[in-house]
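# Fold and contact review
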2 protein chains.
Amino acid sequence: MTGSGLPPQDFEALRMAILERKAELPKRLTQVAAYALDHPDEIAFGTAASIASSAQVQPSTLVRFAQHFGFDGFSGLQQLFRLRLRERNSSYEDRLRSLEEGGPALSESAGILNKFISAAHSSVDSLANAVDPENFDRAVSILARAETIYLIAKRRSYPISNYMAYAFGKLKVRCQLVGTAAGIDDDLLAFASEKDAAFAVSFSPYASESAAQARALAGRNVPLVSLTDSAFSPLAECSTVWFELVEADHAGFRSLSGSMAFAMALTVSVAEKRRRG
Amino acid sequence: MTGSGLPPQDFEALRMAILERKAELPKRLTQVAAYALDHPDEIAFGTAASIASSAQVQPSTLVRFAQHFGFDGFSGLQQLFRLRLRERNSSYEDRLRSLEEGGPALSESAGILNKFISAAHSSVDSLANAVDPENFDRAVSILARAETIYLIAKRRSYPISNYMAYAFGKLKVRCQLVGTAAGIDDDLLAFASEKDAAFAVSFSPYASESAAQARALAGRNVPLVSLTDSAFSPLAECSTVWFELVEADHAGFRSLSGSMAFAMALTVSVAEKRRRG
DNA sequence: CCACGTTCGGAACGTATATTCTATCTTGAC
DNA sequence: GTCAAGATAGAATATACGTTCCGAACGTGG
């Protein structure tokens, strides 16, 4: 008797089983377990031999590993990894493609909508990849300890800071929206001190006022967190912490989908951190 | 000599090549071509034998098919199908899972960020599913023929109309943002006539002014397009065309990612339609 | 109707595969 | 230190795989 009852029926179940028994597994099997969870794609596509060499293990070890989890052999386990990839993809992209293929038949408007949906989708994806959790954490800390948070954004970025101001208001976090009425911005920012902090958003082509205001604040040692779309942005050089987010666009118009998600995450995180002390 | 120059390097190129040459392909190869594009997953995971029997073809035909597109054999072609699945999944969901697994180890902020990314993702997805292309087309037509577009939104929806106003400005479409300064909103709206149109956004809990303004406009036969989150919204009943979009939220705070994508698609579509006449 | 080139089906081939088996090694208890 | 139980490495094996090959079928132009 090698296995342990019935094998898991789907990938999730297998994952749980592996995590559960990971501690009590022999050395080489632990090695396989770690490799399997870290490189599921390799397991799905590779051959027993190639996987074994990648994981620095003998092919037979893979078979034993599979049998420990109730499979007949390695192949049975592999099928679960393949199933996972199959099911994952069924929804979103295929829909886009099918719409795209209907191309000429569809109205132009529907085409534009799909482009924006697609752009929003990839913006959110790139947000997921671009933001380093540690940096995010630092940004949250900086803003959370500020007395007043100054929100700097012009033109296309303004809706972001506007929404943040709304949310901060709901969350009882004091903030000052900069860029709303003409002229008094710099007067407002003159109040900012080291005890405060600022959050600036600017995408190419960068609004010169935003950059100037950011620099001014940085010069007076006001901690500055910023969101921009390039390392060469004027915001990047004067920020305490900055994030690079490239919003996918359609015909030059970005949907701000990624930025909005980021902004809300930041806003809520700050409020949460402040609430917990 | 069997192949035709160099084989495609990625799945998309292969797809194009197949579609391009589909007409001039022999009978059985056409059969394979159709099967390949319809069941890409089968090709990625199956064996030559299993695929052949599914497609009602001989295994050798698969090899010939691959060779027609410049591959050495069937395996080379299969790798492209596998690569596609690999790359599709590499970014988003795995990252979420890995962060989710780090759970307790991760900071709370990172967790919140991921929740918002996830919410944004599903908002955009539901946008793709919820918006009927024909309705969208009607909405675009209504707004495109308006002399002035009135944008009605309060509170959390305001950033959406704000961004639309910015984009409409860039696109040289006349619009009037309603809800910016206190008091004069109704005076502004008094100018609206049947030749104009309005776009209203309101999510639960609905701002009473937005609903009232929308009703007033509808009563004066001003065409009204609206974006809201329920069929029971006060906006739904008085709109010429309306869209239901449920934004996924985290802790009650929506990221507006889906709404933003929708708004920009609408804005650009209107401008485009107007430009073309 | 015939010759020719192309396409197809199916068997044959060599290879690579997953699995099994066994000798060796490790582990831990007494 | 010894022994037993389990785990591992690596060779052995039987299987299944992708590919190749060749004769038959098909369609075409003369």
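Summarised in this report is the structure supplied together with it. (Residues numbered from 1 in each chain as written. Chains lettered and ligands numbered in written order. Predicted model: local features only at pLDDT ≥ 70, side-chain atom pairs only at ≥ 80, totals over all residues. Heavy atoms only, no water.)

## Focus: the protein's contact with DNA strand C
Every one of the 18 residues lining DNA strand C counts as a neighbour, but Ala48 and Phe74 of chain A together with Arg28, Gln58 and Ser60 of chain B are closest to it. Looking at DNA strand C alone, sugar and phosphate atoms form 78% of those within 4 Å of the protein. With respect to DNA strand C, the backbone of Ala48 of chain A contributes an N or O atom lying 2.7 Å from a phosphate oxygen. Contact distances for DNA strand C include 3.3 Å between a phosphate oxygen and a backbone N or O atom of Ala49 of chain A. At the level of elements, helix H4 (48–54), helix H5 (59–68) and helix H6 (74–88) of chain A together with helix H2 (27–38) and helix H5 (59–68) of chain B are the ones that each hand at least two residues to the surface near DNA strand C. Sort the elements by how many residues they give to the surface near DNA strand C and H5 of chain A lands first, with four residues. Classifying every residue of the surface near DNA strand C by side-chain character gives seven nonpolar, eight polar and three charged. (Near = heavy atom within 4 Å. Polar contact = N/O pair within 3.5 Å; in protein donor to acceptor, adjacent residues only side chain to side chain. Helix = DSSP H or I, 4+ residues; strand = E, 2+ residues; numbered from the N terminus. Nonpolar A, V, L, I, M, F, W, Y, C, P; charged D, E, K, R; others polar.)

## Some details on the side chain of Ser109 of chain B
Structurally, Ser109 of chain B is set in helix H8 (residues 108–130). Contacts of Ser109 of chain B, omitting those with residues within four sequence positions, involve Phe136, Asp137, Val140 and Ser269 of chain A. (Contact = heavy atoms within 4.5 Å.)

## Describing the interface of chain A and chain B
Of the residues lining the interface, 64 residues belong to chain A; the matching set on chain B comes to 64 residues. Buried surface at the junction of chain A and chain B, summed over both partners, amounts to about 6200 Å²; 60% is from carbon and sulfur atoms. The tally of links between chain A and chain B comes to two salt bridges. With a shortest N-O distance of 3.4 Å, Glu108 of chain B and Arg276 of chain A are connected by a salt bridge. At the boundary of chain A and chain B, one finds nine residue pairs in polar contact (both at pLDDT 80 or more). Tallying contributions element by element places helix H8 (residues 108–130) of chain A first for the side of chain A that touches chain B, with 14 residues. Grouping the constituent residues of the side of chain A that touches chain B by class yields 33 nonpolar, nine polar and 22 charged. (Buried area = accessible area lost by both parts, 1.4 Å probe. Salt bridge = Lys/Arg side-chain N within 4 Å of Asp/Glu carboxyl O.)

## Quick look at the relation of the copies chain A and chain B
With an RMSD of 2.8 Å, chain A superimposes on chain B once it is rotated by 177° and translated 1.3 Å along the axis. Interpreted geometrically, this transformation is the action of a two-fold axis. Of the C-alpha atoms belonging to chain A, the one lying closest to the rotation axis is found on Ser257 of chain A, 1.3 Å away. (Least-squares fit on C-alpha atoms with pLDDT ≥ 70 in both.)

## Concerning the pairing of strand E3 (residues 197–202) of chain A
Regular strands have side chains that alternate between both faces of the sheet. Residues and elements named next belong to chain A. Within E3, six of the six residues are buried, which leaves the element mostly enclosed by the surrounding structure. Pairing analysis gives five bridges linking strand E1 (residues 149–153) to E3, with the strands arranged parallel. Counted as the bridge partner of Tyr150 is Ala198 from E3. Here E3 pairs with strand E4 (residues 224–228) via five bridges, running parallel. By the bridge assignment, Ala200 is partnered in E4 with Ser226. Running through helix H12 (residues 208–219), the crossover from E3 to the neighbouring parallel element E4 is right-handed. (Buried < 20%, exposed > 50% of the residue type's maximum accessible area, 1.4 Å probe, protein only. Pairing = 2+ DSSP bridges. Right-handed = clockwise from strand over helix to strand, strands pointing away.)

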